[in-house]
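Reading the structure
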Amino acid sequence: MSVKELQAIESSSVIPSYRRFPVEFVRGEGCRLWDDEGNEYLDFLAGISVCNVGHCHPAVVAAVQQQVERLIHVTNLFYTEPAMRLAQRLAASSLGGKVYFANSGAEANEAAIKLCRKARPGGEIVVIQDAFHGRTLGALSATPQPAKQDPFAPMVPGFVAVAKDPQAVDRAVHSGTSAVFIEPIQGEGGVYPISAELLSAARAACDRTGAILVFDEVQSGMGRTGTLWAYQSTGVVPDLLTSAKGLGGGMPLGALITNPALGDVFAPGDHGSTFAGGPVIASAALAALEVIDDESLLASVRDRGARLSKGLAKLPGASKPRGAGLMLAVDVDGDAPAIVERALLEERLVINATGPNTLRFLPPLIVSDGEVDEALKRLDRVMS
Ligand SMILES: *Cc1c(COP(=O)(O)O)cnc(C)c1O
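Every value quoted in this text rests on a predicted model; they were computed, and no experiment measured them. (Residues numbered from 1 in each chain as written. Predicted model: local features only at pLDDT ≥ 70, side-chain atom pairs only at ≥ 80, totals over all residues. Heavy atoms only, no water.)

1. Side note on the site of the ligand
With respect to spatial proximity, the complete set of residues near the ligand consists of S104, G105, A106, N109, F132, H133, G134, E183, D216, V218, Q219 and K245. A106 is positioned with one of its backbone polar atoms (N or O) 2.8 Å from an oxygen atom of the ligand. By residue number, the principal contributor to the shell around the ligand is helix α5 (residues 105-119), which donates three residues. Looking at the shell around the ligand, its residues break down into three nonpolar, six polar and three charged. (Near = heavy atom within 4 Å. Polar contact = N/O pair within 3.5 Å; in protein donor to acceptor, adjacent residues only side chain to side chain. Helix = DSSP H or I, 4+ residues; strand = E, 2+ residues; numbered from the N terminus. Nonpolar A, V, L, I, M, F, W, Y, C, P; charged D, E, K, R; others polar.)

2. Quick look at the pairing of strand β3 (residues 40-43)
As paired strands, strand β2 (residues 32-35) and β3 are joined by three bridges and run antiparallel to one another. Its bridge partner lying in β3, W34 is registered against E40. Where β2 folds back on β3, the antiparallel hairpin that results is connected by four residues, among which G38 adopts a positive phi of roughly 90 degrees. Where β3 lies against strand β15 (residues 349-350), two bridges are found, and the strand directions are parallel. Pairing of D43 across the sheet is with V350, part of β15. (Pairing = 2+ DSSP bridges.)

3. Considerations on the layout of surface pockets
The computed volume of the second largest pocket comes to approximately 770 Å³. Lining the second largest pocket are 25 residues, with N76, V99, Y100, F101 and H271 sitting closest to its centre. Listed by contribution, the elements that provide at least two residues to the lining of the second largest pocket are α4 (81-92), β4 (99-102) and β12 (254-258). Of the residues belonging to the lining of the second largest pocket, the class tally is 15 nonpolar, seven polar and three charged. (1 Å grid on protein atoms, 1.4 Å probe; cavity = no way out; pocket = protein on both sides within 12 Å on 5 of 7 lines; lining within 4 Å. Points joined across faces, edges and corners; volume = space filled by probe spheres on them.)

4. Observations concerning the pairing of strand β14 (residues 327-331)
The buried fraction of β14 amounts to four of the five residues, a majority that puts the element mostly inside the structure. As paired elements, strand β13 (residues 322-324) and β14 share three bridges and run antiparallel to each other. Bridging from a neighbouring strand, R322 pairs with A329 of β14. Here β13 folds back onto β14 in antiparallel fashion, the turn holding two residues, of which G325 has a positive phi close to 55 degrees. (Buried < 20%, exposed > 50% of the residue type's maximum accessible area, 1.4 Å probe, protein only.)

5. Description of the state of the cysteines
Any covalent bond linking the sulfur atoms of two cysteines counts as a disulfide. Under the counting rule described, the total for this entry stands at zero disulfides. Free cysteine C51: the closest other cysteine sulfur is in C56, separated by 8.0 Å. For C206, which is in no disulfide, the shortest distance to another cysteine sulfur is to C116 and amounts to 9.1 Å. Take C206: its relative accessible area is 2%, and that puts it in the buried class. (Disulfide = S-S within 2.5 Å.)

6. Some details on the sheet that holds strand β17 (residues 358-361)
Strand order in the open sheet made by the four strands is β13-β14-β17-β16, with antiparallel pairing throughout. This sheet does not close on itself; its edge strands, each paired only once, are β13 and β16 (352-355). Going across the sheet, the axis of each strand differs from the next one's by a mean of 25 degrees, ignoring polarity. Where β14 lies against β17, four bridges are found, and the strand directions are antiparallel. What sits directly across from D331, in β17, is T358. Taken strand by strand, helix α12 (residues 336-347) contacts β16 and β17, and its axis lies near 170 degrees from that of β16. (Axes fitted to C-alpha atoms, helices over the stretch in contact; angles between N-to-C directions. Contact = heavy atoms within 4.5 Å.)

This is the structure we're talking about:
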């Protein structure tokens, strides 16, 4: 079907919660996408940091194909090997405790919120100004953005937003605090790295009070910043870590990872999901981790990130780039959404805008130097 036909169906049958570009993608490979008319695009968004291994990575495709032919779903009432192996690998690669699987980033954060409330009953949850933790009601309550929250009031009580200021965080955390939630690099908020001072202040405040430090690495994790988890280059280790987006190699999967002390806060019946951690998706995630949890791949994320950042700095009307690895943004003089649309429709380059003046870049982590240079060339033409 053509884009026009799909748009007609959308207007009659699809709840309009998304604004879509008039492009229909039918195939993807590596950093490339193809539309229904056979046009090739360079993808520097990767499905919002989901396709970190690139589109249709052969190892992910093979893992899914093999598993989907044997067993698709049984629920968490039973064992499957992929889920257990994935939990073991995720915990070993990060905080060394235990893992709870979810189907998305918001759900991983919901699990973290519930775990913190059970571990520290009645306590407040401190969140950072401009944070984004998801769209479900608990995660939305942890997302202090009036435009996103107000239509759905009242929010879940118990969340306190603080300014991006180490002293403000220190003052907000007290003996009645359950947890502090932080994205080490705020993604949806415009790719703003949280300062080392704020991260250290949050760690110290949690150590002082017993509150739980939670890092939301739904976007910054899975190799995106040049280490497997962004916290590994900050020197601050959280107590809980949430992951999703790139975790499933393109398939929907989220995870909450604990440190050893918090591994047994949930008991049977406390939390659950019918689908989460199913064998097909766990197999895909194991294949994706095999690709990403690799020092040469991570080194190339750092190198290609530096190359992209250097090029972005030279674009006409662009601010100094910010971010880490291949999670980058620049502010522009012009209208960022208009630049995104022209890049897509005129130059066949997929990027996105996190706000009226901010362009965000999240290419697949397997991107080549040539593809980085090509994307910069296309962007330069749009912005000149
Ligand atoms: C995308 C995102 C979420 C929400 O993930 P979904 O899978 O869309 O629910 C939560 N936290 C951060 C930091 C994100 O970038």
